Amino acid sequence: MLVRNPVTPPGYERLAGVVPIVHAPRMERSAANVRSILETGAGALSEVLVVEPLELEAMLISDEDWEQAPRETTYTYPPGLPYFTRSVHPPALVLPTTLSPTFQPQTKATYPLVVWHELAHAFLLQKEVVRTPAWLREFVSQASAAAIARRAGLPLAEHLNQIDRGPGFTIRALRGHVDAEEQMAFQNLLLLFGVAVLEEFGEGFLERLVHAMWEETNTVDEERAEELLANALGSGGRTWLRSRPEF
Ligand SMILES: [Zn+2]
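Residues numbered from 1 in each chain as written. Predicted model: local features only at pLDDT ≥ 70, side-chain atom pairs only at ≥ 80, totals over all residues. Heavy atoms only, no water.

Novice: Could you give me a rundown of the layout of surface pockets, with the residues and numbers involved?
Specialist: The gaps of empty space that remain are located by a probe, the size of a water molecule, rolled over the atoms. Reported here for the largest pocket is a volume of approximately 1200 Å³. In this structure, the largest pocket is lined by 39 residues; those nearest its centre are His117, Glu118, Glu138, Gln183 and Gln187. Sorting the residues of the lining of the largest pocket by element identifies β5 (83-85), α2 (110-124), α3 (134-152) and α5 (180-201) as the ones contributing at least two each. Here the lining of the largest pocket is built from residues that sort into 22 nonpolar, 11 polar and six charged. (1 Å grid on protein atoms, 1.4 Å probe; cavity = no way out; pocket = protein on both sides within 12 Å on 5 of 7 lines; lining within 4 Å. Points joined across faces, edges and corners; volume = space filled by probe spheres on them. Helix = DSSP H or I, 4+ residues; strand = E, 2+ residues; numbered from the N terminus. Nonpolar A, V, L, I, M, F, W, Y, C, P; charged D, E, K, R; others polar.)

Right, dumping it as structure tokens:
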């Protein structure tokens, strides 16, 4: 069910902006911070992906109101985990005022990276996308977040240095149900991989990859996913991918 003008919890306020923000009471400073993170991200993503700005809202929700946030299902999502939902119009990024401690490492870069990750999902899903392996969609989000950080001059070294570079699986091998810790290790491996791709090929591959994903009409299997990524990287892409232990 699509809800227009969703009912927000009592006392919530609205902050205008490129991405308007509905926020919990007494959260003006956090909302202003989120607005700045979103403006940086939306501007950079429009340029990197070569797309029009997106019609989108953000909701900054406190833990005690979390179950009132819009979502696709009837059961409440775990608190502290941001998500993107098309259950309302315009679609919304639902952001917690406090990030779940499962997000690791916790550095100055954590919150912006998490917000930009969800923002990239919103950009990808502005057009229909066929089924793909999860790693491909999550890679788009993590590489986009890293690309925005590069453009915004947000230093990532301290953050990246705290990531375990050998979690015992590759980005394509994590399947099925995984616990929160494995999910975090998977996302961190994708972030490291995204940074490596950006260093090797620059950010242009993101536009080619996202537009290629929009043009796909059949379910993308593992083989096709690798092909899409290799083609987006361009000359030498496939050889480089095969040389990467995390891939
Ligand atoms: Zn994601």
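So much for the structure itself; the text now carries on.
Novice: Which residues make up the packing of aromatic side chains, and what values do they have?
Specialist: According to the stated counting rule, one finds nine aromatic pairs in the structure shown. Aromatic pair Phe193 and Trp240: ring centres 6.0 Å apart, planes at 25 degrees, arrangement stacked. Taken together, the residues span a long stretch of sequence, with Phe193 in helix α5 and Trp240 in helix α8 (residues 237-243) at a distance of 47 residues. Measuring from centroid to centroid gives 5.6 Å for Phe193 and Phe247, while their planes differ by 20 degrees, and the two rings are stacked. On the criterion of sequence distance, the pair formed by Phe193 in helix α5 and Phe247 in the segment after α8 is long-range, its members being 54 residues apart. Per residue, the accessibility class of Phe193 equals that of Phe247, and both read buried. Among the aromatic residues, those joined into a ring-pair cluster are Trp135, Phe139, Phe193, Phe201, Phe205, Trp240 and Phe247. (Phe/Tyr/Trp six-rings, centres within 6.5 Å; stacked < 30°, edge-to-face > 60°. Buried < 20%, exposed > 50% of the residue type's maximum accessible area, 1.4 Å probe, protein only.)

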